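What the coordinates show
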Amino acid sequence: MVRTEPIIAVNDVKASSQWYQSLLAFQNSHSNGIFDQLVDTDGTILLCLHHWGDHGHPSLLSPDHGKPGNGLLLFFRVDDFDRAWERAQSLGTKIEEEPHLNPFAGHNEFTLRDLDGYHITICSVPV
């Protein structure tokens, strides 16, 4: 088995955790203000949040050493696409693309920015 557990560096782990939980109905399983694991209802880790500069990871030392999110798109497939769109609109963060059909992938999607400026694309199961 192979699974990916993406880790992104954020300025405020608690605020980012709450944001992702609100958007995607995630649960947190390891929150201490420095690191958090966001999990699905079955406990599968979907995203980890790491406070900038803690624990000495070279690529997570400081947002001043590069542009956060450059070359990274967090892409989440959800089965409650319409409800995710409603939740996204209520968060007050920048919507980059409103819901539309992606003709190449055959699904609906929208893109917004999280609290730290990362691009987040939410997509439906293929239509």
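A brief structural summary. All of these numbers come straight from a predicted model, not from anything done at the bench.

Counting buried positions along strand S4 (residues 45–51) yields five of seven residues, so the element is predominantly enclosed. Bridging between strand S1 (residues 7–10) and S4 involves four bridges; their strand directions are parallel. Opposite Val10, over in S4, you have His51 as the bridge partner. Pairing of strand S3 (residues 35–39) with S4 involves five bridges; the strand directions are antiparallel. Across the sheet, Gln37 pairs through a bridge with Cys48, a residue of S4. Here S3 hands over to S4 after five residues, with Gly43 in that stretch at a positive phi of 90°.

It is worth spelling out helix H2 (residues 81–90) at this point. An α-helix turns once every 3.6 residues. As a result, residues three or four positions apart point the same way. Of the residues making up H2, those classed as buried are Phe81, Ala84, Trp85, Arg87 and Ala88. Mapping the buried residues of H2 onto a view down its axis gives an arc of 165°, with all of them on the same face. Exposed side chains of H2 directed beyond 90 degrees from the buried face belong to Asp82, Arg83, Glu86 and Ser90. Its buried side turned inward, H2 meets helix H1 (13–24), strand S6 (95–102), strand S7 (107–113) and strand S8 (119–123). Gly92, located one to two residues past H2, shows a positive phi value of around 75°.

Take the sheet that holds S3 next. Read across the sheet, four strands follow the order S1-S4-S3-S2 without closing on themselves; strand pairing throughout is mixed. Where the open sheet ends on each side, the last strands, each with one partner, are S1 and strand S2 (27–28).

Mapped onto the secondary structure, Arg87 falls in helix H2. Among the polar contacts made by the side chain of Arg87, one reaches the main-chain carbonyl oxygen of Ser22 at a distance of 3.3 Å. In this structure, Arg87 is in contact with Ser22, Leu23, Leu24, Ala25 and Asp80, ignoring residues within four places of it in sequence.

Criteria and thresholds
- Residues numbered from 1 in each chain as written.
- Predicted model: local features only at pLDDT ≥ 70, side-chain atom pairs only at ≥ 80, totals over all residues.
- Heavy atoms only, no water.
- Buried < 20%, exposed > 50% of the residue type's maximum accessible area, 1.4 Å probe, protein only.
- Helix = DSSP H or I, 4+ residues; strand = E, 2+ residues; numbered from the N terminus.
- Pairing = 2+ DSSP bridges.
- Arc of directions from axis to C-beta.
- Contact = heavy atoms within 4.5 Å.
- Polar contact = N/O pair within 3.5 Å; in protein donor to acceptor, adjacent residues only side chain to side chain.

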